[in-house]
Amino acid sequence: MTRLVPHPTATRLHGIAPTIFTEMSRLAVRTGAVNLGQGFPDIDGPPEVIAAAVAALQGGRNQYAPGPGVPELRAAIARHQHRHYGIDLDPDTEVVVTTGCTEAIAAALLGLVDPGDEVVVLEPYYDSYVAMIQMAGGIRRPVTLTAPDFRLDLDRMRAAITPATRFILLNSPHNPTGTVLNRTELQGVADLAIEHDLVVITDEVYEHLVFDVEHVPLATLPGMAERTLTLSSAGKSYSFTGWKVGWATGPADLVDALLAAKQWLTFTSGSPLQPAIAHALDDLPDWPAELARDLHTRRDLLCSGLKSLDGVEVFVPDGTYFVTTDVGALGWEDAMSFCLALPERAGVVAIPSQVFHDDPTGPGRHLVRWAFCKTPELISEGLALLGRADLQA
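Here goes a summary of the coordinates provided. Nothing here was measured: the structure is a model prediction, and the numbers come from that model. (Residues numbered from 1 in each chain as written. Predicted model: local features only at pLDDT ≥ 70, side-chain atom pairs only at ≥ 80, totals over all residues. Heavy atoms only, no water.)

Let us look at the sheet that holds strand β10 (residues 322–326). Hydrogen bonds between backbone groups are what pair the strands of a sheet, and the pairing can be parallel or antiparallel. In space, the four strands of this open sheet follow the order β9-β10-β13-β12, with antiparallel pairing throughout. In this open sheet, the two strands that pair with only one neighbour each are β9 (313–315) and β12 (351–352). Two strands pair when backbone bridges link them, and β10 and strand β13 (residues 367–371) are joined in this way by five bridges, in the antiparallel orientation. Bridge pairing in β13 links Val323 to Trp370. Along the sheet, helix α13 (residues 335–346) contacts β12 and β13; its crossing angle with β13, the most-contacted strand, is approximately 45°. (Pairing = 2+ DSSP bridges. Helix = DSSP H or I, 4+ residues; strand = E, 2+ residues; numbered from the N terminus. Contact = heavy atoms within 4.5 Å. Axes fitted to C-alpha atoms, helices over the stretch in contact; angles between N-to-C directions.)

For strand β7 (residues 228–233), a buried count of six out of six residues is recorded, marking the element as mostly surrounded by other parts of the structure. The side-chain alternation of β7 yields two buried faces, one formed by Thr228, Thr230 and Ser232 and the other by Leu229, Leu231 and Ser233. Pairing of strand β6 (residues 199–203) with β7, which is carried by four bridges, proceeds in the parallel orientation. Paired with Val200 across the two strands is Thr228, which belongs to β7. Bridge count for β7 against strand β8 (residues 246–249) is four bridges, and the pairing is antiparallel. Of the residues in β8, the one forming a bridge with Ser233 is Gly246. (Buried < 20%, exposed > 50% of the residue type's maximum accessible area, 1.4 Å probe, protein only.)

General note: in soluble globular proteins, nonpolar side chains tend to be found buried as a group. Among the nonpolar cores identified, the biggest contains 105 residues, and Phe338, Trp370 and Leu386 are the most heavily contacted of them. Among the elements that line this core, the one with the most residues is helix α5 (residues 100–112), at eight residues. (Core = buried A, V, L, I, M, F, W, Y, C linked by side-chain atoms within 4.5 Å.)

Written out as structure tokens, the structure reads:
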């Protein structure tokens, strides 16, 4: 009998656990708990963008879109990059539309990383990074951002780079810590990339959701436009996370490599949603800034409430949807045990940031992520439940 040998990719995928967001959201539904865990808004984005999608649906735009995306959206993305950052792009060769930023991450890593290539990545990291680097056969080289400030230690990044390193995967504004890399940190990354001839893949999905600080795209720094593949999405900026319309921009050779992988993932998606997002980018360019101002208020509401809880240390973020806390003083073995008990104890769900670290017993052991992209009423309800609960182990 012929013995079937598993494909190498299947071997690499063995042991990849279900995403923590699926697990905790399922727990929220089962217990009826207030979900302050997963990062999706409770309020939809601009009504006129929804109307544009309806018009596209009723106007016959319901068949396959071109693989790289509909031309008007690619042109709108190019104008967005120029309007906000002064970046000039050819929409025909340097822009591709993806099924959210998650597919952009997947396609970038699958299209660029060869087995054995090392990828320097900021830890804690969005969990899809781990899965996709593993699927590509790459090797993670983590650079850990540690409490209380979660700043990038450039000496640690330099030490993480070896002769096998080919890429840096950079996330700023950073999920889950909320850190927004400053110009000094970004210049340090750029210097290392140029010195070691590295390509940088930047996940900038929270680019517009920053509070009292500036988001600077790495591609705007001298010498970086030709070696940076920038990823983003309309989901976070316009509160349409379920639409899954994202994009990648950069040099044509990097975009082509991403597109070569993307064509075997979704090929295309969201045909009537793409012109609606083009409308959002072109006609509502200031809407994300208004959203950021509103989120600033909700961030402060959540942080203030969490600070009032005995034994909970709060780290105030500069961007994203998320606040990180340390619950070590409450006596729990780790953040996972705290978060698994929380729905029954308090009727609230949060996410253990411990799972975003390679070493679950390391610096992220007692870190918990909370989402403030919810209505003020829901945030207040969750805080009231937490305030009445016994949170000690």
